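Architecture at a glance
The lines below spell out each chain.
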Amino acid sequence: MAEVHLLSRSFDQAGAERLTIVLEQVLAANNADLGPRWPQIRALGGSPRQLSRDLEQEIDRVAVASGSSAPEIKTLRSSLHRLADTFSRLGSFAEAYPS
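We now turn to the structure provided with this report. Keep in mind it's a predicted model, so treat the numbers as computed, not measured.

Within the largest apolar cluster, 6 residues are counted, these being Ala16, Leu55, Ile59, Leu83, Ala84 and Phe87. Of all the secondary structure elements, the ones that give two or more residues to this core are α3 (46-66) and α4 (71-95). Leave out the neighbours within four places in its chain, and Ile59 touches Arg77, Leu80 and His81.

Below you can see the structure in the form of structure tokens.
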């Protein structure tokens, strides 16, 4: 039987990275029981990718609006770009989920 993992309402970078790692491991396991949920997983793969694109646009908009180059702003932007990249990877893995 397939395991069901609920997503929390506050989906942060650590949660996205954990989910991505688990999905990578499942996809790498040749004998894993993926259950009958592949159509839904593939269909929902676009959601994290869209979230990534939206986040990238907002990061750019905030950077231009703030006009600040303070170290803490650069650190925040870097963290947000990593989060956007993690969402994009998660979406890619979900869209490639095997049938």
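What follows covers α3. In a regular helix each residue adds 1.5 Å, so 21 residues correspond to 30 Å; α3 covers 30 Å between its end C-alpha atoms and thus fits that length. All of the buried residues in α3 are Pro48, Ser52, Leu55, Ile59 and Ala63. Summarising the axial view, the buried residues of α3 lie within an arc of 65 degrees, below the 170-degree limit, and thus occupy one face. Facing away from the buried surface of α3 by more than 90 degrees, the exposed residues are Val64 and Ala65. Tucked into the core, α3 has its buried residues touching α2 (38-44) and α4. Positive backbone phi, approximately 65 degrees, marks Gly67, located one or two places after α3.

Here we take up the packing of helix α1 (residues 13-28) against α4. Here α1 crosses α4 at 30 degrees, and the two axes come no closer than 9 Å. Relative to α4, the element α1 lies roughly parallel. Here α1 runs over α4; the crossing is left-handed. On the side of α1, the interface is formed by Gln13, Ala16, Glu17, Leu19, Thr20, Leu23, Glu24 and Leu27, while α4 contributes Ser79, Arg82, Leu83, Thr86, Phe87, Arg89, Leu90, Phe93 and Ala94.

Here we take up the packing of α3 against α4. Two elements in contact, α3 and α4, have axes whose closest approach is 7 Å; the angle formed by their N-to-C orientations is 165 degrees. Relative to α4, the element α3 is oriented roughly antiparallel. The hand of the α3/α4 crossing is left-handed. In terms of residue class, the contact of α3 with α4 is made up of 11 nonpolar, 7 polar and 6 charged.

Definitions and cut-offs
Residues numbered from 1 in each chain as written. Predicted model: local features only at pLDDT ≥ 70, side-chain atom pairs only at ≥ 80, totals over all residues. Heavy atoms only, no water. Core = buried A, V, L, I, M, F, W, Y, C linked by side-chain atoms within 4.5 Å. Buried < 20%, exposed > 50% of the residue type's maximum accessible area, 1.4 Å probe, protein only. Helix = DSSP H or I, 4+ residues; strand = E, 2+ residues; numbered from the N terminus. Contact = heavy atoms within 4.5 Å. Expected span 1.5 Å × (residues − 1). Arc of directions from axis to C-beta. Axes fitted to C-alpha atoms, helices over the stretch in contact; angles between N-to-C directions. Parallel < 35°, antiparallel > 145°, perpendicular 65-115°, else oblique. Left-handed = near helix turned anticlockwise from the far one by under 90°. Nonpolar A, V, L, I, M, F, W, Y, C, P; charged D, E, K, R; others polar.

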